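# Residue-level structural notes
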Amino acid sequence: MRRVSFKHGIHPPEKKETTRSKPIEDFPLPKKVIIPLSQHTGRPNESIVKKGERVETGQLIGETSAFISSPVHASLSGIVSAIEPRPHPLGMKVQSVVIESDEKDEWISASDAVQGSPDNIKDLIKSAGIAGLGGAAFPTHVKLSPPANKKIEFLIINGAECEPYLTSDERVMLEYSAAIVEGIEILKKVLGVEKVVLGIELNKPECIAAMSKAVQGKDIEIVGLKTKYPQGGEKQLIKAILGREVPRRGLPLDVGCVVQNVGTVVAVRDAVIKKKPLIERVVTVTGSAVEEPKNLRVRIGTPFIELLNFCNFQKDSAGKVIMGGPMMGISQHNLDVPVIKGTSGILAMKKEEVIEYNHRQCIRCARCVESCPVYLMPYEISLASESDRFDIAEKLGVFDCIECGVCGYVCPATRHMTHLMKKAKTYANFLKSSRS
Amino acid sequence: MQISSSPHVHSGVTVEKIMWGVVIALLPATIGSVYFFGARVIAVLGVSIGVSALLELAIKKGNIRDGSALLTGLLLAFNLPPGVPLWVVAVGAFFAVAIVKQAFGGLGCNIFNPALGGRVFLMAAWPSHMTSGWHAPHAVRGVAAVSGATPLAILKEGSAVMEGLPEWRELFFGNVSGCIGETSVLLLLIGAIFLLCKRYITWHVPFSFIGTVAAFTLIAEKSIPNGFIFHILAGGLFLGAFFMATDYVTSPITPKGKLIFGIGCGIITSVIRLYGGYPEGVSYSILLMNAATPLIDRHTRLRVFGERKKSNA
Ligand code: SF4
Ligand code: SF4
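Every value quoted in this text rests on a predicted model; they were computed, and no experiment measured them. For every chain, the first residue of the written sequence is number 1, and numbering continues from 1 onward in sequence order. To read the labels, note that chains go from A and ligands from 1, taken in the order they are written. Per-residue local features are limited, in this predicted model, to residues with pLDDT of at least 70; the limit for side-chain atom pairs, both in listing and counting, is 80 or more; totals at the level of whole chains, interfaces and linings are taken over all residues. Values shown for side chains rest on all heavy atoms present in the structure; no hydrogens or waters enter the calculation.

Bringing the overall build of chain B into the picture now. Broken down by element type, chain B carries 14 helices and 0 strands. The C-alpha atoms of chain B give a radius of gyration of 20 Å, which matches the 20 Å a tight globule of 313 residues would have. Over its C-alpha atoms, taken along the principal directions, chain B stretches across nearly 70 × 50 × 35 Å. Taken over 313 residues, chain B has a buried fraction of 55%. Each accessible area is a Shrake-Rupley result for a 1.4 Å probe, and residues are judged covered by the shown protein chains and nothing else. Of the roughly 12,900 Å² that chain B leaves accessible, carbon and sulfur atoms contribute 68%. The way it works is that DSSP assigns letters per residue, a run of H or I at least four long becomes a helix, a run of E at least two long becomes a strand, and they are numbered from the N terminus. In this treatment the radius of gyration is a C-alpha quantity, and the globule benchmark scales as 2.2 Å times the residue count to the 0.38 power. Only protein chains enter the accessibility calculation, which uses a 1.4 Å probe; a residue whose area is less than 20% of its type maximum is buried, one above 50% is exposed, and one in between is partly exposed.

Below you can see the structure in the form of structure tokens.
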């Protein structure tokens, strides 16, 4: 097995021990689910159901005609009790369909749930609402539709799971290795590629063993990735595995690659073989403020608080609840927000673990420069952003920033680095759009 | 629940930790200086650190805890002769902290290394106090009260006094005359290794600095045999290369920039020592390269990930 890595990056404490050996457990059906009509990157869906209507599990409830979009489905059977803006884990309020469970979990027939003929696999994948489960929730059928002039040589499967604490992909690789291989075969056919590489961080030797066994006799290479954050970033993964650099502002398909996360591969397989839409996912619920951390299979739309309580949440001592991992995750104000397609984990930290980023003057220590995985000079960008010079920030490459959090993690002046990156991007975009 | 931008964890390495780490790294040499030059050193250290800390408190109250003022005071004292009058020390500390550091905006904004700025100001203002007051080691305690000219000054004087040159072994252990903290290569190395292991500094500046001095003097120093070893061990090269030239704020930020900085320091130091009017050039070389740092930074930017290399663009 090849062992590969990328330049720069960091080694934060992994903190995966608490959940890595816990098999995926089914979370009991929630009483109600809140399904945001927008969970993915792309155009929001329109609701196609009405308040008071009965829906069945797997029934399509929101769609749009835009190509870069991904429909949503009922994750329970029951009555639509509200269609209104509800708090969303990404911040703002988002138009959502609330379904009160009738506790029967009656499924709509498979052919109604996922429409399309088997020869058009991409339609099946779109119709099933599959979006990247690694976190960004980019619609999968879009990634599988490269423009005709881009030749795709490699399908790369992302099993890095480099965020500390999270173990959902790890458990999927252990428990669904055969399903991953089936999913890979489907994706190979869709893309017409021969070469498949599955990258797994070396801190998951059991996954490497399980997957090696599962791919026996198949033409799938397994590559060991040195444990380093952010190894699971698409560009870092491709660089490590193929030595190719995705051009600035380019996409993996510019270097002949399509990258899919292991969880997404299983969802694709379920959509195509079982005609099952994406209505559930595996979520790691962990952190010092839950007494019994777990890996849970959860219906999309389940409120965070129910999952936390199921894991014995210590509400009084909790200081921060994060969707995702500690490096890129989003802190939550309202714990009634629902699990969405991109929810890989819920991390609850105790108050004393919550660190204050006490923003100070940069001392030019170069740590951010030596660690940024896209070789930016984060200190300069942060200074430009701080003084509202978004034009300079853009010239310095802020749009290449992948918001990985590395510069903030290493900064001894505990500057609000990632925040300043996001701020510069938002304002630079806003200024551009208001000018044109 | 608290809301904040990612990341939600931190490496734990803070400005305070780094500054105090450097202070700890300087402890062996500090103790050594008291051993070599006697109790007067304590007074110099006390005045230098005390004035620096008080000024920092007076100017920017919140920042005293980061330890940078203490470090400036310590490093300034390290760069003064043991017999320097205490009022000169106080003026130097004032200049270092109030002018070189805080007048430019404080830690992170200063262009020049504060301790070196203080020292060079004193050299310009009171050259006689700064070039006398040398003690031969142990002189104060009367062990070997001989002439106190520094090794580099002896070399500069020329062949007439050459027999006064110390052995390499004495230079290495620090049993020679010189500024308070610069004499013992061994004790400074212990601290330097600590800093390298902790990754508080990188190898680029010190190795290229010392390497350049070695290479330059290997070729150009003809007055004594194996003069380059003498040049490496004598004077403030180790102190300068590991503890002053590596100052984050005033040195370049990329590895390539750091190498250029170190090489520049090495060349200027060698030229001053061999051909200039002063016996020692470490302080001047670092200050000159401090001034060049913005320029070096501008020309040693990293290639952003995915940017086509010029050759195949
Ligand atoms: S957040 Fe952006 S600037 Fe900071 S290290 Fe990551 S990619 Fe670089
Ligand atoms: S890590 Fe922080 S203090 Fe160091 S150079 Fe970057 S922004 Fe400045």
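Having seen it, we continue.
It is worth spelling out the site of ligand 2 at this point. Cys362(A), Ile363(A), Arg364(A), Cys365(A), Ala366(A), Cys368(A), Tyr379(A), Cys411(A), Pro412(A), Arg415(A) and Met417(A) make up every residue found near ligand 2. When residue character is reported, Ala, Val, Leu, Ile, Met, Phe, Trp, Tyr, Cys and Pro are called nonpolar, Asp, Glu, Lys and Arg charged, and the others, Gly included, polar. Residue classes in the shell around ligand 2 are distributed as 9 nonpolar, no polar and 2 charged. If even one non-hydrogen atom of a residue comes within 4 Å of a molecule or strand, that residue is called near it.

With respect to the helices, strands and loops of the structure, Val215(A) is situated in the loop between helix H7 (205-214) and strand E12 (220-225). Judged by relative accessible area, Val215(A) falls into the buried class, the value being 7%.

This paragraph deals with the pairing of strand E3 (residues 32-36) of chain A. Residue and element names in this part refer to chain A. The buried count for E3 comes to 4 of 5 residues, which makes it a mostly enclosed element. With 5 bridges joining them, E3 and strand E9 (residues 91-101) adopt antiparallel strand pairing. Looking at E9, one finds that Lys32 is bridged to Glu100. Any two strands between which DSSP finds at least two bridges are classified as paired.

Contact definition: two residues touch when any of their heavy atoms are within 4.5 Å. Taken together, the 40 residues of chain B in the interface contact 59 residues of chain A. Summed over both partners, the interface of chain B with chain A buries about 4,200 Å², with 57% contributed by carbon and sulfur atoms. Buried area is understood as the total, over both parts, of accessible area removed when two parts are fitted together, assessed with a 1.4 Å probe. When residues of chain B are sorted by the area they lose upon contact with chain A, Met1(B), His8(B) and Phe305(B) head the list and together hold 21% of the total. By salt bridge we mean one thing: a side-chain nitrogen of Lys or Arg within 4 Å of a carboxyl oxygen of Asp or Glu. Counting every contact that joins chain B to chain A gives 6 salt bridges. Under this definition, polar contacts are N or O atom pairs within 3.5 Å; protein pairs additionally need one hydrogen-donor-capable and one acceptor-capable atom, and for neighbouring residues in sequence, both atoms have to be side-chain atoms. Linking chain B with chain A are 24 residue pairs in polar contact (both at pLDDT 80 or more), by the criterion used here.

A few words on the nonpolar core. All names here are of chain B. Residues grouped as a nonpolar core are buried Ala, Val, Leu, Ile, Met, Phe, Trp, Tyr and Cys residues, joined through side-chain atoms within 4.5 Å. Residues Leu26, Leu75, Leu80, Phe209, Phe230, Phe243 and Ile286 are the most contacted members of the largest nonpolar core, which totals 117 residues. Here this core takes 10 residues from helix H1 (residues 15-37), the largest share from any one element. Setting aside anything within four residues of it in sequence, one finds Leu80 in contact with Val44, Val89, Leu122, Met130, Cys179 and Ile180.

Further remarks concern the domain arrangement of chain A. Residue and element names in this part refer to chain A. For every domain, the bounds stem from an assignment made automatically or drawn from a database. Here chain A is described as being made up of domain 1 (3-20 + 112-273) and domain 2 (367-435). Each of domain 1 and domain 2 has a C-alpha centre, and the two are 28 Å apart. Contact residues are listed per partner, giving 15 residues for domain 1 and 15 residues for domain 2. The junction of domain 1 with domain 2 conceals about 1,200 Å² of combined surface from both sides, 56% of it contributed by carbon and sulfur atoms. Taken together, the links from domain 1 to domain 2 amount to 2 salt bridges. As a salt-bridge pair, Asp400 and Arg248 come within 2.7 Å of each other at their nearest N and O atoms. Taken together, the connections running from domain 1 to domain 2 amount to 5 residue pairs in polar contact (both at pLDDT 80 or more).

To continue, consider the packing of helix H9 (residues 185-197) of chain B against helix H12 (residues 237-244) of chain B. Residues and elements named next belong to chain B. Geometry is summarised by axes, namely lines fitted to C-alpha atoms with helices restricted to the contacting stretch, and by angles between N-to-C directions that run from 0 to 180 degrees. Two elements in contact, H9 and H12, have axes separated by 10 Å at closest approach and are oriented at 15°. Taken together, the axis directions place H9 and H12 in an arrangement best described as roughly parallel. H12 is crossed by H9, and the crossing has left-handed handedness. From H9, Val185, Leu188, Leu189, Gly191, Ala192, Leu195 and Leu196 reach across to H12, where they touch Phe238, Leu239, Phe242 and Phe243. For the contact of H9 with H12, the per-class residue count stands at 10 nonpolar, 1 polar and no charged. Roughly parallel covers angles under 35 degrees, roughly antiparallel covers those over 145, roughly perpendicular covers 65 to 115, and oblique covers all other angles. Here a crossing is called left-handed whenever its near helix is offset anticlockwise from the far helix by less than a right angle, and right-handed whenever the offset is clockwise.

Moving on, we get to the sheet that holds strand E7 (residues 72-73) of chain A. Residues and elements named next belong to chain A. Spatially, 3 strands are ordered E4-E6-E7 in an open sheet, and the strand pairing comes out antiparallel. Each of the sheet's edge strands pairs with one partner strand only, and the pair in question is strand E4 (46-47) and E7. In this sheet, strand E6 (residues 60-63) lies alongside E4 in antiparallel orientation, the contact comprising 2 bridges. Of the residues in E6, the one forming a bridge with Glu46 is Glu63.

All names here are of chain A. Taken as a whole and judged by the stated rule, the model has 33 salt bridges over all chains. A salt bridge links Glu56 to Arg54; its shortest N-O distance comes to 3.8 Å. Relative accessible area serves as the criterion here: at 25%, Glu56 is assigned to the partly exposed category. Residue Glu292 pairs with Lys294 through a salt bridge whose shortest N-O separation is 3.4 Å. Under the relative-accessibility criterion, Glu292 is labelled partly exposed at 40%. Members of the salt-bridge network, linked through shared partners, are Arg54, Glu56, Asp102 and Glu106.

Aromatic ring pairs: the centre-centre distance and the angle between the two ring planes describe each pair. Any two of the Phe, Tyr and Trp rings considered here, Trp counted by its six-membered ring, make a pair once their centres fall within 6.5 Å; the pair's planes then place it as stacked at under 30 degrees, edge-to-face at over 60, or tilted in between. Evaluation of the coordinates by the stated rule reveals 13 aromatic pairs over all chains. Judged by centre distance (4.8 Å) and plane angle (10°), the rings of Phe390(A) and Tyr427(A) are stacked. With a gap of 37 residues between them, Phe390(A) in helix H13 (residues 390-395) and Tyr427(A) in helix H15 (residues 417-435) connect regions that are remote in the sequence. Here Tyr427(A) falls in the partly exposed class, since its relative accessible area comes to 41%. Ring centres of Phe172(B) and Phe173(B) lie 5.5 Å apart, and the angle between their planes is 75°; on these two criteria the pair is classed as edge-to-face. Exposure remark for Phe172(B): the relative accessible area of 27% places this residue in the partly exposed category.

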